[in-house]
Amino acid sequence: MASSSAVGTVMILVTLCLSSTFVNSGSDYVQSECLKVPASEFVSSVRSTIDEVRQVISIVSKFTNAFGDFRLSNAISDCLDLLDLSADELTWTLSASQNPNGKDNSTGHITADMRTWLSAALGNQDTCQEGFDGTNSIVKSLVAESLNQVTSLIIDILSMVRQVPDTKSKGGPVNGRGASYHPERKLKSSSGHFPNWVKRKDQRKLLQKKGVLADAIIAADGTGNFTNIMDAVSAAPDQSLSRYVIYIKKGVYREYVEISKKKWNLMMVGEGMDVTVISGNRSFSDGWTTYRSATFAVKGQGFIARDMTFENTAGPQKHQAVAFRSDSDLSVLFRCAIRAYQDTLYAHSMRQFYRECQITGTVDFIFGDGTAVFQNCQILARKGLPNQKNTITAQGRRELAETTGFSIQFSNISAEPDLLASVNSTPTYLGRPWKLYSRTVFMQSYMSSAIRAEGWLEWNGNFALDTLYYGEYMNYGPGAGLDSRVKWPGFHAMNDSAQASNFTVSQFLLGNSWLPSTGVKYTAGRMV
């Protein structure tokens, strides 16, 4: 048994790895406790990897003319964007390791932040290569080796960062910042004050629910500052540390929105689900990459959307057609609808929270390699192509060391009425393993008869059945029975509350450190 002084030292180190509130004079020592290697070795590895990423960007840039091939042109554009993201995510990691007191891009939980950013950087090269599917070009083969080299280097860096210390949750709502939040107390912290990032001039704007005096108002009828969304986004400040509010009046906005990595802390407020609608119809079948097919895409950190609908109307026959894609760290969607068929919601990377949203689709309609928690959401399968099987999730964790996964809690898992009336015609499953370490958990949710008794579907034979992590905990309803569930080694019928707590907002997202400042209600634990 360790001495009390030794235990105290360990606890201090755990706290320091979770918080950046330590003195600079001890930063090297603390960094070494958050890393498995000396800080100097870690910094050197990250720097050399950033250089490698920039070299690959230079190689890919040579093919930007794409030889007149529309699909190839999109794939090359994706690659350049994704490699640029990888360079940023590695740079943030480097900065955090050298300046742990820094606040930009950070929750203050150094280890968790670094592991999140490295997990995001890891998946970008895969998405880049997948974009070349369906092209007859030699470009993929020419850049594949370089992309794989970057991936290998990032895997090595991720292995150098220690696991996030376990912050055991006791389950249900807790006092203070971990409590279940409600709109009436929107944007107030547990002390009754606004969070530090909310400037005094913004407080009145953000507390008004309708007709908000926002920084920008979009109205299709010309009664606002802008008539389309992208003009308002372009006018928003870059790298804003305070919330910038864009109010979108009712209407259907048929445009494609891309919020760049420079647009931090944007908040979009609509007039209601099905009232403010952003609509597009790009699809893989029409030459777009899956990544580029999104009607609405966001990269800038700290994004919030509420009371609106994102849709892709391409239809099931067009296959991959994304409604909403996110690479936004510490982002939130509240009371939003996300509607399409195949590949509806692309939670591509980073930490994301969805509350009281409605998500509908057919094949893999919640997919990606983000770290996402869905609370109090309505998740509905719908009728697609004849003889098609519906899969709700396809989570894409490719390495065991990644922090990513999907956690779906307190939600309604069912189907649209026409599918419910004929559930045998289109079998619906909770998910299938897109990548080797796919991880998804359903907790304390209602499952209707639309869900097949087996629960989960193979991707391709025995692929990933030993390495995936699929869990179910305290679900109920006619589709929640576990007796006939798959018998895969990676499937877990969880009856251990401590195990389930690993996938709660407080632990999986470390949400108590950043969600209160968004003003969106949430439940920190298991509520049991």
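Residues numbered from 1 in each chain as written. Predicted model: local features only at pLDDT ≥ 70, side-chain atom pairs only at ≥ 80, totals over all residues. Heavy atoms only, no water.

The protein is annotated in an unreviewed UniProt entry as Pectinesterase of Ilex paraguariensis. Among the UniProt annotations of the protein, the heading Catalytic activity (unreviewed entry) holds the following wording: "[(1->4)-alpha-D-galacturonosyl methyl ester](n) + n H2O = [(1->4)-alpha-D-galacturonosyl](n) + n methanol + n H(+)". Taken verbatim from the UniProt record of the protein, the Pathway (unreviewed entry) comment is "Glycan metabolism; pectin degradation; 2-dehydro-3-deoxy-D-gluconate from pectin: step 1/5." (UniProt positions renumbered as here; feature names shortened; annotations may be inferred.)

## Observations regarding a nonpolar patch on the surface
Together, Leu-436, Trp-459 and Phe-463 line one region of the surface with nonpolar side chains, adding up to about 230 Å² of accessible area. Positionally, Phe-463 belongs in the loop between β22 (446-447) and β23 (469-473). Accessibility expressed as a relative area gives 32% for Phe-463, which makes it partly exposed. (Patch = residues over 30% accessible without salt bridge, like charges linked within 9 Å, V, L, I, M, F, W, Y side chains within 5 Å. Areas by Shrake-Rupley, 256 points an atom, 1.4 Å probe, with all protein chains shown as cover. Salt bridge = Lys/Arg side-chain N within 4 Å of Asp/Glu carboxyl O. Helix = DSSP H or I, 4+ residues; strand = E, 2+ residues; numbered from the N terminus. Buried < 20%, exposed > 50% of the residue type's maximum accessible area, 1.4 Å probe, protein only.)

## Thoughts on the pattern of salt bridges
One pass over the structure, following the stated rule, counts 26 salt bridges. In this structure, Arg-351 and Asp-113 form a salt bridge, with 3.0 Å as the shortest nitrogen-oxygen distance. Linking Arg-351 in strand β12 (residues 351-355) with Asp-113 in helix α5 (residues 110-130), this pair joins segments that are 238 residues apart in sequence. An identical accessibility class is assigned to Arg-351 and Asp-113; each is buried. If you follow the salt bridges from partner to partner, you end up with Asp-78, Asp-81, Glu-258, Arg-292, Lys-299, Arg-325 and Asp-327 in one network.

## Notes on the packing of helix α4 (residues 70-98) against helix α6 (residues 139-160)
α6 packs onto α4 with a crossing angle of 20 degrees between their chain directions and a minimal axis gap of 13 Å. Here α6 runs roughly parallel to α4, going by the angle between their axes. Crossing handedness for the pair α4 and α6: left-handed. Where α4 abuts α6, its residues Leu-72, Cys-79, Leu-83 and Leu-90 lie against Val-139, Leu-147, Ile-154 and Ile-157. Split into classes, the residues belonging to the contact of α4 with α6 amount to eight nonpolar, no polar and no charged. (Axes fitted to C-alpha atoms, helices over the stretch in contact; angles between N-to-C directions. Parallel < 35°, antiparallel > 145°, perpendicular 65-115°, else oblique. Left-handed = near helix turned anticlockwise from the far one by under 90°. Contact = heavy atoms within 4.5 Å. Nonpolar A, V, L, I, M, F, W, Y, C, P; charged D, E, K, R; others polar.)

## Some points on the sheet that holds strand β14 (residues 363-368)
Across a sheet, strands are paired by hydrogen bonds formed along the backbone, either parallel or antiparallel in direction. The strand order across the open sheet formed by seven strands is β4-β7-β9-β11-β14-β17-β20, and the pairing between neighbours is parallel. The open sheet terminates on both sides in strands that have one partner only, identified here as β4 (257-259) and β20 (428-431). In this sheet, neighbouring strand axes are inclined to one another by 10 degrees on average, regardless of whether the strands run parallel or antiparallel. As paired elements, strand β7 (residues 296-298) and strand β9 (residues 324-326) share three bridges and run parallel to each other. Bridging from a neighbouring strand, Ala-297 pairs with Arg-325 of β9. (Pairing = 2+ DSSP bridges.)

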